[in-house]
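Architecture and fold: a report
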Amino acid sequence: QVQLVESGGGLVQAGGSLRLSCAVSGSIFGVNVMGWYRQTPGKQREWVAGATSGGSTNYVDFVKGRFSISRDNAKNTVYLQMNSLKPEDTAVYYCNVKSVGYDYWGQGTQVTVSS
């Protein structure tokens, strides 16, 4: 079975930085995307960033230039470096890995950005 465990969340002041990590246990196969989503109370979960097994990355517009996703395939770990954080970035951040035939989620890690 595959499990994803996020870490690195916390409380930070506006303008600060955090680095989230997501460790994947179990085997994943084929072309896949590892990514980050976030969710605040009363809102839909939204996609933030993704990194494919082939090395491509992409971001939602409102984090471009501030967030950076990377993955270490040897460790089955994906990271999200978050810089210049804003209060509106406050959310529970979820790690995800998906492909044709599977779609796995972590339990989330809280990121709170104070003003």
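Summarised in this report is the structure supplied together with it. Only a predicted model underlies this, so the values are computations on that prediction, with no experimental measurement involved. (Residues numbered from 1 in each chain as written. Predicted model: local features only at pLDDT ≥ 70, side-chain atom pairs only at ≥ 80, totals over all residues. Heavy atoms only, no water.)

**Points about the sheet that holds strand β3 (residues 18-25)**
Reading across from one edge, β1-β3-β8-β7 is the order of the 4 strands in this open sheet, with antiparallel pairing throughout. Either end of the sheet is taken by a strand with one partner, and the two such strands are β1 (3-7) and β7 (67-72). Between one strand axis and the next, the sheet turns by 15° as a mean value, whatever way the strands run. Relative to β3, β1 runs antiparallel, the two sharing 5 bridges. Pairing of Glu6 across the sheet is with Cys22, part of β3. (Pairing = 2+ DSSP bridges. Helix = DSSP H or I, 4+ residues; strand = E, 2+ residues; numbered from the N terminus. Axes fitted to C-alpha atoms, helices over the stretch in contact; angles between N-to-C directions.)

**What to know about the nonpolar core**
Residues Trp36, Val48, Phe67, Ile69, Leu80, Met82 and Tyr93 are the most contacted members of the largest nonpolar core, which totals 29 residues. Contributing elements (two or more residues each) for this core: β3, β4 (33-39), β5 (46-52), β7, β8 (77-82), β9 (91-99) and β11 (109-114). (Core = buried A, V, L, I, M, F, W, Y, C linked by side-chain atoms within 4.5 Å. Buried < 20%, exposed > 50% of the residue type's maximum accessible area, 1.4 Å probe, protein only.)

**What to know about the packing of aromatic side chains**
Overall, the coordinates contain 2 aromatic pairs when judged by the stated rule. Measuring from ring centre to ring centre gives 5.5 Å for Tyr102 and Tyr104, while their planes differ by 20°; the resulting arrangement is stacked. Note on Tyr102: relative accessible area 15%, which makes it buried. Look at Tyr104 and you get partly exposed, because its relative accessible area is 30%. Sitting above the plane of the Tyr94 ring, Arg45 keeps its charged end 4.1 Å from the centroid. (Phe/Tyr/Trp six-rings, centres within 6.5 Å; stacked < 30°, edge-to-face > 60°. Lys NZ or Arg CZ within 6 Å of the ring centre and 35° of its normal.)

**Here we look at the pattern of salt bridges**
Taken as a whole, this structure holds 4 salt bridges when the rule is applied. Ionic pairing is found between Glu46 and Arg38, a salt bridge with its closest N-O pair at 2.9 Å. Residue classification places Glu46 among the partly exposed residues on the basis of a relative accessible area of 31%. Since its relative accessible area comes to 5%, Arg38 is described here as buried. Close ionic contact of Asp89 with Arg66 constitutes a salt bridge, the shortest N to O distance being 2.7 Å. Here Arg66 lies in the loop between β6 (57-59) and β7 and Asp89 lies in the loop between β8 and β9, a separation of 23 residues in the sequence. As far as the burial class goes, Asp89 and Arg66 line up, both buried. (Salt bridge = Lys/Arg side-chain N within 4 Å of Asp/Glu carboxyl O.)

Geometric values such as these leave the question of function open.
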